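Coordinate analysis (summary)
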Amino acid sequence: MERYPQLVINLKHARENIENLVKLCASKGIRMTGVIKVTNGLPELCRAYYDAGCRILASSRIDQLKSLREQGIGEEFELLRIPMMSEIPDVISYADISLNSDGSVLRALNDEAIRQGKTHKVILMVEVGDLREGYWDDDELLGDAMMVEKELEGLYLEGVGMNVGCYGSVLPTHENMQYLIDKAEMIENAIGRRLNVISGGGTSSLMRVIDGDIPEMINDLRVGGEPLCAYTLKHVYGYPMEWQHEDVLSMRAEVLEVREKPSHPIGKLAVDAFGHSQSYEDRGIRTRALLGIGRLDYGEPLDIPNEDPDIEVLGASSDHTIVDLGDNKKGYKAGDVIELRIKYAQLMYMSARPDVTVKYI
Ligand SMILES: *Cc1c(COP(=O)(O)O)cnc(C)c1O
């Protein structure tokens, strides 16, 4: 018996998409660091990034890096989130590289690296305007870079990095990348050597690679979700992406009931299961299906990219999703399975759920 709900992954197409992005980056002298956090470290996909040429596998979650190490997948591991003071021993044990933006964290990493007899590589993050992590003040950045280079013997200053398009919705541009390069050169002049890595952002920075206006000094991008979701570059930013498979991911959910029901709730309305007041469009009597999948599995129902013209996601509670079937052309009934395309958020939630079956096709 198949078990539902399912997260369905076309592994061959995932591999081809990853390989194509690795090649695209390589054509500009850029290495692609394979970000595996959106898949919660699903081993088959982590292997796909590695096999496609991503020598560094990266996550914001140290437990995922630990698990890859234990499974023998990959060779070098990068922690993407600024280390928490409470996880420093694990960061040194399981990550070879981490992104950093705080002097006291760097000193704690150094103490632990010396204790474990290791040299841990650090990339200092520069705030270029998206307003998440990173040094804002040049003197502080330079001071910490000098401290790592000259004083902290357990650490190696690997390079600098930037991040955009996460909190502040900022686009990666030639200008903000050049700003990062200026900071890198400031540090290089002070320490008297070149930095190994100038990391120019994540998925959105691929636009600069495709357009061919990425500054030459950028030599690393951190990319994870895009080759799987095949969404942002094409559907948000309008790049043709002819060579990209768009059918890597989907969800399958079982139909629990199909009924004709009114579309507007009946009775006095207050709030939904999450305490939000909602509005409901009255479209008369409609054929609706109830699916055995809910917010607990994928987050926000209206974020599910809807491509099937015969199915409209209306809403969801924790464990149920309600869809409008129009005139139910396909004759869905209880026990049938409905398949919907998914993107980043749904992949992130579903791959973390122990009771969602991951199905490779
Ligand atoms: C998540 C993340 C990325 C990119 O990962 P995607 O899965 O491509 O969105 C890049 N850099 C940092 C610091 C991140 O946390």
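1. Brief notes about the overall build of the protein
Each helix and strand counted, the protein has twelve helices and 15 strands in total. Each principal axis of the C-alpha atoms in the protein carries an extent, and together these give about 75 × 40 × 40 Å. Excluding contacts between residues fewer than 6 apart, the proportion of contacts in the protein whose partners are at least 24 apart in sequence is 65%. On the protein, roughly 16600 Å² of surface is accessible, and the fraction owed to carbon and sulfur atoms is 48%.

2. Overview of the nonpolar core
One finds M32, L57, L106, L157, L221, L228 and I338 to be the most contacted residues of the largest nonpolar core, which totals 92 residues. Formed jointly, this core draws a minimum of three residues from each of two domains, domain 1 (10-236) and domain 2 (249-360). If you look at the next biggest cluster of nonpolar residues, it comprises ten residues, including V35, L80, I82 and I123.

3. Brief notes about the pairing of strand β4 (residues 76-79)
As paired elements, strand β3 (residues 56-59) and β4 share four bridges and run parallel to each other. Bridge assignment links S59 to a residue of β4, and that residue is L79. The parallel pair β3 and β4 is bridged by helix α3 (residues 62-71), and the resulting crossover is right-handed. With helix α4 (residues 88-94) bridging β4 and its parallel neighbour strand β5 (residues 97-100), the resulting β-α-β unit is right-handed.

4. Focus: the pattern of salt bridges
Pairing between side chains of opposite charge can happen when their charged atoms approach one another. Applying the stated criterion across every chain, the model contains 29 salt bridges. Of the charged contacts, one joins R341 and E246 as a salt bridge, the two residues approaching to 3.9 Å between their closest N and O atoms. Separated by 95 residues along the polypeptide, R341 in strand β14 (residues 337-341) and E246 in the loop between α10 (232-236) and β10 (249-262) bring together distant segments of the chain. According to the relative accessible area criterion, R341 is buried, its value standing at 11%. A residue is classified by how much of its surface remains accessible, and E246, at 24% relative accessible area, is partly exposed. We note a salt bridge from D310 to K329, for which the minimum N-O separation is 3.2 Å.

5. So, the packing of helix α5 (residues 103-116) against helix α6 (residues 138-150)
Where α5 meets α6, the closest approach of the two axes is 10 Å, and the angle between their N-to-C directions is 10°. In terms of their interaxial angle, α5 and α6 are classed as roughly parallel. Each of G103, L106 and R107 in α5 lies in contact with α6, whose residues at this interface are D144, M147 and V148. For the contact of α5 with α6, a count of residues per class yields three nonpolar, one polar and two charged.

6. Concerning the pairing of strand β9 (residues 220-223)
Every second residue of β9 is oriented toward a common face, with D220 and R222 on one face and L221 and V223 on the other, all of them buried. The sheet contact formed by strand β2 (residues 31-35) and β9 spans four bridges and is parallel. Within β9, the position partnered with R31 by the bridge is D220.

7. Some details on a negative patch on the surface
On the surface, D102, D137, D139 and E140 cluster together into a negatively charged patch. Checked against the element boundaries, D139 lands in helix α6.

8. Focus on the state of the cysteines
On inspection of all chains with the given rule, the structure shows zero disulfides. Counting only cysteine sulfurs, C229 is the nearest neighbor of C166, a cysteine outside any disulfide, at a range of 14 Å. The exposure class assigned to C229 is buried, which follows from its relative accessible area of 4%.

9. Here's the deal with the site of the ligand
Close to the ligand lie 13 residues; K37, T203, R222, G224 and G225 are nearest. K37 is positioned such that a nitrogen or oxygen atom in its side chain is 2.6 Å from an oxygen atom of the ligand. Measuring from an oxygen atom of the ligand, one finds a side-chain N or O atom of T203 at 2.9 Å. Starting from 380 Å² of accessible surface for the ligand in isolation, the protein chains cover 90%. For the shell around the ligand, the class distribution of residues is five nonpolar, four polar and four charged.

10. Overview of α5
Each α-helix turn comprises 3.6 residues. Residues three or four places apart therefore point the same way. Spanning 14 residues, α5 covers 20 Å between terminal C-alpha atoms, matching the ideal 20 Å at 1.5 Å per step. Those residues of α5 that sit buried are G103, V105, L106, L109, N110, E112 and A113. At its buried positions, α5 is contacted by α4, β5, β6 (120-125), α6 and β7 (155-161). A positive backbone phi angle near 65° is found at G117, which sits one or two residues after α5.

11. Examining the domain arrangement of the protein
Parsing the protein into structural domains produces domain 1 (10-236) and domain 2 (249-360). With centres defined by C-alpha atoms, the gap from domain 1 to domain 2 works out at 36 Å. Each partner contributes residues to the interface: domain 1 has 13 residues there, and domain 2 has eleven residues. Roughly 1200 Å² of surface becomes buried between domain 1 and domain 2 when both sides are summed, with 66% attributable to carbon and sulfur atoms.

12. Considering the packing of aromatic side chains
Throughout the structure, instances matching the rule amount to zero aromatic pairs. Over the ring of Y50 we find R55, and its NZ or CZ is 4.1 Å from the ring centre. Over the ring of Y231 we find K343; its NZ or CZ atom is 4.7 Å from the centre of that ring.

About the thresholds
Residues numbered from 1 in each chain as written. Predicted model: local features only at pLDDT ≥ 70, side-chain atom pairs only at ≥ 80, totals over all residues. Heavy atoms only, no water. Helix = DSSP H or I, 4+ residues; strand = E, 2+ residues; numbered from the N terminus. Contact = heavy atoms within 4.5 Å. Areas by Shrake-Rupley, 256 points an atom, 1.4 Å probe, with all protein chains shown as cover. Core = buried A, V, L, I, M, F, W, Y, C linked by side-chain atoms within 4.5 Å. Buried < 20%, exposed > 50% of the residue type's maximum accessible area, 1.4 Å probe, protein only. Domains from an automatic or database assignment. Pairing = 2+ DSSP bridges. Right-handed = clockwise from strand over helix to strand, strands pointing away. Salt bridge = Lys/Arg side-chain N within 4 Å of Asp/Glu carboxyl O. Axes fitted to C-alpha atoms, helices over the stretch in contact; angles between N-to-C directions. Parallel < 35°, antiparallel > 145°, perpendicular 65-115°, else oblique. Nonpolar A, V, L, I, M, F, W, Y, C, P; charged D, E, K, R; others polar. Patch = residues over 30% accessible without salt bridge, like charges linked within 9 Å, V, L, I, M, F, W, Y side chains within 5 Å. Lys, Arg positive; Asp, Glu negative; His and termini not counted. Charge placed at Lys NZ, Arg CZ, Asp CG, Glu CD. Disulfide = S-S within 2.5 Å. Near = heavy atom within 4 Å. Polar contact = N/O pair within 3.5 Å; in protein donor to acceptor, adjacent residues only side chain to side chain. Expected span 1.5 Å × (residues − 1). Buried area = accessible area lost by both parts, 1.4 Å probe. Phe/Tyr/Trp six-rings, centres within 6.5 Å; stacked < 30°, edge-to-face > 60°. Lys NZ or Arg CZ within 6 Å of the ring centre and 35° of its normal.

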